[in-house]
Amino acid sequence: RAEHALTAAGESRENVKLETLFQNIPATIKEQKHSYRVFAIASGGCGKTTIFTKVAMWKWARKELWEEFDILIALELRYQDVREAKSLWDLLELGGMDEPPSKKERNALRSHFESHPERICIVFDGLDETLLIKCSRFIQRVISGEDLQGIRIIITSRPAPDILSLCAHHPQDGRIEVIGFRRSDIERYVLRLLGPVQG
């Protein structure tokens, strides 16, 4: 259960469930249709990628998580083609779209994005694995909230100084810490995945 691996950043350090990650968005962000970002910060090996690019995507596809999103894309910033993306269409293609959309589909997607940007969520995994300056201007603007305004963004990273500084500049955004899976959760996951050990 991935939700046990998350705590809210700050003094309370209360458990956070994936299901509630977007439930307390400040009213000003909603009213002004600004992007809302959640920074998921943790040291290496704590499960950031597993939680946000595997577990969350799987649960969303099964309609068990974040039903408010029509589009959920998980992208790993360590890959050059992700860092060099120049448009929403590039992100959709990198996120698993099998073939380029037709003109009609593009128009429908553009109309949907313009009317309901809050129904699109992009996960940028591993911001610490690259320098933001090495990303395309488009990716920089999306992460900083200047492009694709109104969407929801999850950014995972190790606690590098420049990342923590980015968090501090945007106090209205969410910030959580991934503290790793409990041993009992790991054992239960392995048993479900592999089945009981014979012999």
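Residues numbered from 1 in each chain as written. Predicted model: local features only at pLDDT ≥ 70, side-chain atom pairs only at ≥ 80, totals over all residues. Heavy atoms only, no water.

Undergrad: Before we move on, can you summarise the side chain of Arg83 with the specific residues and values?
TA: Along the polypeptide, Arg83 turns up in helix H3 (residues 80–83). One buried charged residue, Arg83, remains without a salt bridge, the closest side chain of opposite sign being Glu84 at 6.1 Å. When neighbours within four sequence positions are excluded, Arg83 is seen to be in contact with Leu77, Arg78, Thr130, Lys134, Cys135, Ser136 and Ile139. (Helix = DSSP H or I, 4+ residues; strand = E, 2+ residues; numbered from the N terminus. Buried < 20%, exposed > 50% of the residue type's maximum accessible area, 1.4 Å probe, protein only. Lys, Arg positive; Asp, Glu negative; His and termini not counted. Salt bridge = Lys/Arg side-chain N within 4 Å of Asp/Glu carboxyl O. Contact = heavy atoms within 4.5 Å.)

Undergrad: Got a sec to walk through the packing of aromatic side chains? Specific residues and values, please.
TA: Applying the stated criterion across every chain, the model contains four aromatic pairs. A centroid spacing of 6.4 Å and a plane angle of 70° characterise the contact between Phe22 and Tyr36, whose relative ring orientation is edge-to-face. Here Tyr36 lies in strand S2 (residues 36–41) and Phe22 lies in the loop between strand S1 (6–8) and helix H1 (27–31), a separation of 14 residues in the sequence. Assessed through its relative accessible area of 7%, Phe22 is described here as buried. For the ring pair Phe22 and Trp66, a centre distance of 5.4 Å and an interplane angle of 80° mean the geometry is edge-to-face. One end of the pair, Phe22, is in the loop between S1 and H1; the other, Trp66, is in the loop between helix H2 (48–61) and strand S3 (71–76), and 44 residues separate them in sequence. Every member of this aromatic cluster is reached through a ring pair, and the members are Phe22, Tyr36, Trp66 and Phe69. (Phe/Tyr/Trp six-rings, centres within 6.5 Å; stacked < 30°, edge-to-face > 60°.)

These values are about where atoms sit, not about what they do.
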